[in-house]
Amino acid sequence: MKTLKKRSEFLTVAKGGRIARRAFVLQAAKTRSDGAPRMGYTVTKKIGNSVERSRIKRRLRAAVASLDMDITQTGADYVLVGRRAALSQPFEDLQKDLKGSVRNAFKPRKPNPIRSKSNLLAKSEPPHDKVGAN
């Protein structure tokens, strides 16, 4: 799978959807009408030293290499943001999480009724009574 290299490509994908897992966060966006899917890898400096960050990226690359390309979308770009748990999570679990995340990356999400804006607004506004209105 081709990789993303430029910062602008990473920023474009960051505007798309996100799926959080224990070992990584998958960001996905449909950036082109056709073409092979591309993957980017990043690990922030908060995670650890360069040795740990490189090891996380190598594990994520290996998991992507074992991934079946039939589940990816054409013209889509993906970014894997590694987390420290990627070092200790068993590789089979890492592969399983990645496969499920890539498969569900473009499925529509159900809004969470607890966190939706309309519910937050409804809870914060006082109820309107017509008793005192003329």
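Please read these numbers as outputs of a predicted model, since none were measured by experiment.

Caption draft 1: Representation of helix H2 (residues 50-65) within the structure. Here H2 contains 16 residues, and its C-alpha end-to-end distance of 22 Å stays within 8% of the 22 Å for a straight helix at 1.5 Å per residue. Considered for burial, the residues of H2 that qualify are Arg53, Ile56, Arg59, Leu60, Ala63 and Val64. Burial along H2 is one-sided: seen end-on, the buried residues are contained in an arc of 140°. Residues of H2 that are exposed and point over 90 degrees away from its buried face: Val51 and Ala65. Packed against the buried residues of H2 are strand S3 (24-30), strand S4 (38-42), strand S5 (76-82), helix H3 (85-88) and helix H4 (91-103).

Caption draft 2: Structural context of the sheet that holds S4. Ordered in space as S1-S4-S5-S3-S2, the five strands form an open sheet in which the pairing is mixed. Single-partner strands in this sheet number two, and they are strand S1 (2-3) and strand S2 (17-20). The pairing of S3 with S5 spans seven bridges and is antiparallel. Note on S5: the bridge partner recorded for Ala28 is Tyr78. Across the sheet, helix H1 (residues 7-14) is in contact with S2, S3, S4 and S5; its angle to S3 comes to roughly 90°. Across the sheet, H4 lies against S2, S3 and S5, angled at about 25° from S3, the strand it touches most.

Caption draft 3: Looking closely at the pattern of salt bridges. Applying the stated criterion across every chain, the model contains four salt bridges. Between Arg38 and Glu9 there is a salt bridge whose closest N-O contact spans 3.3 Å. Of this pair, Arg38 sits in strand S4 while Glu9 sits in helix H1, and the two are 29 residues apart along the sequence. Of the residues examined, Arg38 reaches a relative accessible area of 17% and is grouped as buried. Residue Asp77 is joined to Arg32 by a salt bridge in which the shortest nitrogen-to-oxygen separation is 3.0 Å. With a gap of 45 residues between them, Asp77 in strand S5 and Arg32 in the loop between S3 and S4 connect regions that are remote in the sequence. Through salt bridges with shared partners, one network takes in Glu9, Arg32, Arg38 and Asp77.

Caption draft 4: How the structure looks around the packing of aromatic side chains. Evaluation of the coordinates by the stated rule reveals one aromatic pair. Look at Tyr78 and Phe106: their rings are 6.1 Å apart centre to centre, the planes differ by 65°, and that puts the pair in the edge-to-face class. Highlighted residues: Tyr78 in strand S5 and Phe106 in the loop between H4 and helix H5 (117-124), separated in sequence by 28 residues. Using a relative accessible area of 0% as the deciding quantity, one classes Tyr78 as buried. For Arg61, the ring lying beneath its charged end belongs to Tyr41, and the centroid distance is 5.3 Å.

Caption draft 5: Quick peek at a positive patch on the surface. Side chains of Lys5, Arg55, Arg58 and Arg61 sit close together on the surface and give a patch of like positive charge. Within the secondary structure, Arg55 sits in helix H2.

Cut-offs used in this document
Residues numbered from 1 in each chain as written. Predicted model: local features only at pLDDT ≥ 70, side-chain atom pairs only at ≥ 80, totals over all residues. Heavy atoms only, no water. Helix = DSSP H or I, 4+ residues; strand = E, 2+ residues; numbered from the N terminus. Expected span 1.5 Å × (residues − 1). Buried < 20%, exposed > 50% of the residue type's maximum accessible area, 1.4 Å probe, protein only. Arc of directions from axis to C-beta. Contact = heavy atoms within 4.5 Å. Pairing = 2+ DSSP bridges. Axes fitted to C-alpha atoms, helices over the stretch in contact; angles between N-to-C directions. Salt bridge = Lys/Arg side-chain N within 4 Å of Asp/Glu carboxyl O. Phe/Tyr/Trp six-rings, centres within 6.5 Å; stacked < 30°, edge-to-face > 60°. Lys NZ or Arg CZ within 6 Å of the ring centre and 35° of its normal. Patch = residues over 30% accessible without salt bridge, like charges linked within 9 Å, V, L, I, M, F, W, Y side chains within 5 Å. Areas by Shrake-Rupley, 256 points an atom, 1.4 Å probe, with all protein chains shown as cover. Lys, Arg positive; Asp, Glu negative; His and termini not counted. Charge placed at Lys NZ, Arg CZ, Asp CG, Glu CD.

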